[in-house]
Amino acid sequence: MSNVIIPEGYEPILGLKETQRAIKKIKDYFQQELAYGLQLRRVSAPLFVFPETGFNDTLNGVERRVDFTIKDMNERQVEIVQSLAKWKRMALYKYEVEPGHGIYTDMNAIRRDEELDNLHSIYVDQWDWEKVITKEQRTEEYLEETVVTIYHALKNLGDYVNRLYRDIQIELPNEITFIDSQELEDRYPGKNPKEREDLITKEHGAVFIKRIGGVLASGEKHDGRAPDYDDWELNGDILVWNDVLDRAFEISSMGIRVDAESMKRQLKIDGKEDRMEQPFHQGVITGKYPLSIGGGIGQSRLCMFFLQKAHIGEVQASVWPEDMIEECAEHNIFLL
């Protein structure tokens, strides 16, 4: 049996063709809002990188990356990116971006080890963005200011979709609630991280959970984060409440990026100090790459949420287990 949630009595609001038109409208509108709010310019991005550069996102460090060799480069190996969390910082340096400005790109990735369900596909599409900051802006206050800017873009998108489609009415709270991952654990003892996310997001409608990656008082992590891009003290996730699936719904993972000191500390904690000699890590340690804040915002996630779809496969063409396709079709969930 597939690992999928079937909402009772589900009926898609938009048909197949109108959904495709709506996807383009949502993507066009939101990326303009994001770029304007954060002062970003679009750049082109790679689909694959050389593994020895250290530019590929290692996620939790256990996921297998997709790789292949290039015939015309003496069978040199490259890897499909899992995200562009590290590559973007190099791009800021390459394009000589000044503080207060940044870049965004359409990121396409393959994550072969994802557990497929309503929210997760092996094909990942998101807006990856990165912005140059000063040393003085490496603060929790600046992180929260940036989250509020992104949340306002989400609110504006919701209003736009509501105007386009009378049968869709997205209601997001006026403000996003901030809570620390340790505070969340203290508030809901005995609950696992996902249960805690559901409880706090259902209560407030939109939440930013801060400080993800480090070990909590319980000895467990709220969630995993690679040690060499986000500063675990200055990062977090944007979650909104999904009425269709009756659960918390992650829209974005983001944070102020590591400086030399925090990267060394986190690599030591994770036992990954051998990465220190890779070009990306040397760029951070020597100060070659600028200080930055950045994150990823799921494109299909955004479309799924604002079009009130039950499965990411309704807005994204990927591959799915046959039993999942059949089970979904029986309940009016038609996967592309």
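Cut-offs applied
- Residues numbered from 1 in each chain as written.
- Predicted model: local features only at pLDDT ≥ 70, side-chain atom pairs only at ≥ 80, totals over all residues.
- Heavy atoms only, no water.
- Pairing = 2+ DSSP bridges.
- Helix = DSSP H or I, 4+ residues; strand = E, 2+ residues; numbered from the N terminus.
- Expected span 1.5 Å × (residues − 1).
- Buried < 20%, exposed > 50% of the residue type's maximum accessible area, 1.4 Å probe, protein only.
- Contact = heavy atoms within 4.5 Å.
- Axes fitted to C-alpha atoms, helices over the stretch in contact; angles between N-to-C directions.
- Polar contact = N/O pair within 3.5 Å; in protein donor to acceptor, adjacent residues only side chain to side chain.
- Disulfide = S-S within 2.5 Å.
- UniProt positions renumbered as here; feature names shortened; annotations may be inferred.

Peer 1: Would you mind showing me how to read the sheet that holds strand β4 (residues 76–80) here?
Peer 2: Sheet strands line up and pair through hydrogen bonds in the backbone, either parallel or antiparallel. Ordered by their spatial adjacency, three strands build an open sheet running β2-β4-β3, and the pairing between neighbours is antiparallel. A strand with exactly one partner marks an edge of an open sheet, and here the two such strands are β2 (48–49) and β3 (67–70).

Peer 1: Can you help me understand the pairing of strand β5 (residues 102–110) in this one?
Peer 2: Along a regular strand, successive side chains alternate from one face of the sheet to the other. As paired elements, strand β1 (residues 40–42) and β5 share three bridges and run parallel to each other. When the bridges of β5 are listed, arginine 41 appears paired with isoleucine 103. The pairing of β5 with strand β6 (residues 123–132) spans nine bridges and is classified as antiparallel. Paired with asparagine 108 across the strands is aspartate 125, a residue of β6.

Peer 1: Which parts of the structure should I look at to understand helix α1 (residues 16–38)?
Peer 2: If you check α1, its first and last C-alpha atoms are 33 Å apart, about what 23 residues at 1.5 Å a residue would give, namely 33 Å. Along α1, the residues classified as buried are Thr19, Ala22, Ile23, Ile26, Tyr29, Phe30, Gln31, Leu34, Ala35 and Leu38. Packing partners of the buried residues in α1 comprise β1, β5, β6, α3 (140–164), β11 (292–298) and α8 (299–306). Of the residues flanking the end of α1, it is glutamine 39, one or two places downstream, whose phi is positive at about 60 degrees.

Peer 1: Any chance you could explain the sheet that holds β11 here in plain terms?
Peer 2: The eight strands are arranged β1-β5-β6-β11-β10-β9-β8-β7 in an open sheet whose pairing can be described as mixed. Looking at which strands have only one partner, the edges of the open sheet turn out to be β1 and β7 (177–180). Each strand axis lies, on average, 25 degrees off the axis of its neighbour in the sheet, ignoring direction. Where β6 lies against β11, seven bridges are found, and the strand directions are antiparallel. Residue pairing for β11: valine 132 is matched across the bridge by serine 292. Across the sheet, α8 touches β5, β6, β9 (230–242), β10 (247–257) and β11, and the angle it forms with β11 is around 50 degrees.

Peer 1: Hey, could you run me through the side chain of serine 262 in this one?
Peer 2: Structurally, serine 262 can be placed in helix α6 (residues 260–270). Engagement of the side chain of serine 262 in a polar contact is seen with the side chain of aspartate 259, the distance being 2.7 Å. When neighbours within four sequence positions are excluded, serine 262 is seen to be in contact with Arg138 and Asp231.

Peer 1: Looking at this model, I keep getting lost on the state of the cysteines. Mind explaining?
Peer 2: Put plainly, two cysteines are in a disulfide when a covalent bond ties their sulfur atoms together. Following the criterion strictly, the structure yields zero disulfides and no others. Of all cysteine sulfurs in the structure, the one in cysteine 328 sits closest to cysteine 303, which takes part in no disulfide; the separation is 18 Å.

Peer 1: Help me out: how do you make sense of unusual backbone geometry in this one?
Peer 2: Glycine aside, residues mostly have negative phi angles, and peptide bonds mostly take the trans form. The phi dihedral of glutamate 75 is positive, around 60 degrees, even though this residue is not glycine. Unusually for a residue other than glycine, arginine 211 sits at a positive phi of about 60 degrees.

Peer 1: How should I be thinking about the UniProt feature "domain: Aminoacyl-transfer RNA synthetases class-II family profile" (unreviewed entry) in the protein in this particular structure?
Peer 2: Look at the UniProt record and you will see "domain: Aminoacyl-transfer RNA synthetases class-II family profile" (unreviewed entry) annotated at residues 26–321. In residues 26–321, the share of helix is 31% and the share of strand is 25%. The end C-alpha atoms are 28 Å apart.

Peer 1: Explain the side chain of histidine 311 here, please?
Peer 2: Locating histidine 311 in the fold gives a position in the loop between α8 and α9 (322–330). Owing to a relative accessible area of 0%, histidine 311 belongs among the buried residues under this scheme. A distance of 3.3 Å separates the side chain of histidine 311 from the backbone oxygen of aspartate 117, its partner in a polar contact. If we skip the residues at most four places from it in the chain, histidine 311 touches Val4, Asp117, Asn118, Met304, Trp320, Met324, Cys328, Ile333 and Leu335.

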